[in-house]
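Take a look at the letters that make up each chain.
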Amino acid sequence: MKMNNRKYFLRYAGLSLAAVFLMFNLSSFTKSGTSEGLEKKAREQAGSFLARISENPLKEIESVLLSYEVHMVSALNAKMNMSATLKMEKKEKGYISTFKLTEPEGKDIWSWLLLNLFGKYTKEYKELVQSIETLLIEIFHVEDRRFMTDSLEEFMPVRKYYPNQTAIKVCFNYDEALIKFWEDKKQERFSKSMKYADQVGPLTGFFNYLFFDKRCTRIRILNVLKQVEDSTVSEAGSGKKMVRYLFESEVVYLGFNNTDQHTEYLMSAYLEKGNLLDIIYGENIYYQLALDAENNIKVPYAARTEGIISRPKKRNKLKKLREKYPDREISEKDIFAKADDVLAAWNVRVYLINFNVKKKK
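Conventions we followed
- Residues numbered from 1 in each chain as written.
- Predicted model: local features only at pLDDT ≥ 70, side-chain atom pairs only at ≥ 80, totals over all residues.
- Heavy atoms only, no water.
- Salt bridge = Lys/Arg side-chain N within 4 Å of Asp/Glu carboxyl O.
- Buried < 20%, exposed > 50% of the residue type's maximum accessible area, 1.4 Å probe, protein only.
- Helix = DSSP H or I, 4+ residues; strand = E, 2+ residues; numbered from the N terminus.
- Pairing = 2+ DSSP bridges.
- Expected span 1.5 Å × (residues − 1).
- Contact = heavy atoms within 4.5 Å.

Chemist: How would you summarise the pattern of salt bridges if you had to cite specific residues and measurements?
Modeler: A complete count under the given rule lists eight salt bridges for this structure. A salt bridge links Arg52 to Glu55; the nearest nitrogen and oxygen atoms lie 3.4 Å apart. With relative accessibility at 53%, the residue Glu55 sits in the exposed group. Here Lys180 makes a salt bridge to Glu176, at a shortest N to O gap of 3.5 Å. Classification of Lys180 as buried rests on a relative accessible area of 15%. A cluster of three or more residues bridged by salt bridges with shared partners is formed by Arg146, Asp198 and Asp213.

Here's what the structure looks like:
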């Protein structure tokens, strides 16, 4: 008991010393500004991006990179930032696209202290990192003024979160009108298939919207992911996991925000089934769009979602509901009845902060 008291005393003493130190080093922290200020800067970046990219036809562009800053609130009201990058670059006869997220950082002094002295060692923070640590790489090509997905491949994080974790892969076979799915990309034989019906990968869909689609459109996205849960209630303590694979089409409607929610955002993306890639919480993503009507090029520069789903929290909620209602099939509606039980972060806002367009020399 004394050791525990000493540990907590040292931890709080460290917190106090760090607070004093930071009071004399405020200049090292830059203010992120208000939502209005961040959106204004993002709108200016979007205008510069449209002016730059409209100078060159797609065939002359070697790569496009968009950098976004993600603001969110987590446990103990810790305000955090992440950087997200979307990149598309030419590769042989097609394009390769990637999406990456950095690890969260404290937005202000209080959040920095919570995160660095306490947060990174808590279960909640680890759950948040696990929830966003998704790296998918897509390869696509242009056909009839539209990007078409060739393949989608998952890459594992450096540290796996459960034994025997494998990466998934998807390949589009247009000759057979099939989409083939591998539960383990190292296996030679695919696990299951789906009839091709104009689906695209998430990144392919984003860049189709940027270059080709109308401002109000409908996109059929391929939603593919792993869902992990304890194998059985009796074995839960053993750490054994059961993996379910989701392999389905997700229809996304993009258009004007006709909801009565967050009306300051003029546009919204409606997810027909909700929870795209099991990360985004809520049926709608609200966003602002900059448009070059003459060239039909557009870019989202500010967005908001209700939250980021914590996969471990979602698994725990499902386990508890199954224990409570063993004879009932548990639905997504049941799991998300109380959103705070399954979210890693909420009030998620996204702003365009930078871009890079490279063209052929």
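Resuming the write-up.
Chemist: Break down the pairing of strand β8 (residues 178-182) for me, citing the residues and quoting the values.
Modeler: Of all five residues in β8, four are buried, a share of seventy percent or more. As paired elements, strand β7 (residues 169-173) and β8 share five bridges and run antiparallel to each other. Bridging from a neighbouring strand, Lys169 pairs with Trp182 of β8. In this structure, the hairpin formed by β7 and β8 is closed by a connection of four residues, where Ala177 is found at a positive phi of approximately 55°. Judged from the four bridges that link them, β8 and strand β9 (residues 192-195) form a sheet pairing that is antiparallel.

Chemist: Go over helix α6 (residues 311-324), please, and point to the residues and values.
Modeler: Compared with the 20 Å implied by 1.5 Å per residue over 14 residues, the 20 Å span of α6 between its first and last C-alpha is a close match. Where α6 is concerned, the buried positions are Arg311, Pro312, Lys314, Lys317, Leu318 and Leu321.

Chemist: Now, about the environment of Ile335: what can you tell me, with residues and values included?
Modeler: You can see Ile335 is positioned in helix α7 (residues 332-335). Here the alpha-carbon distance between Ile335 and Lys314, two residues 21 residues apart in the chain, equals 7.1 Å. The residues contacting Ile335, other than those within four sequence positions of it, are Lys314, Lys317, Leu318, Leu321, Ile330 and Val342.

All quantities given are derived from atomic positions and should not be read as evidence of function.
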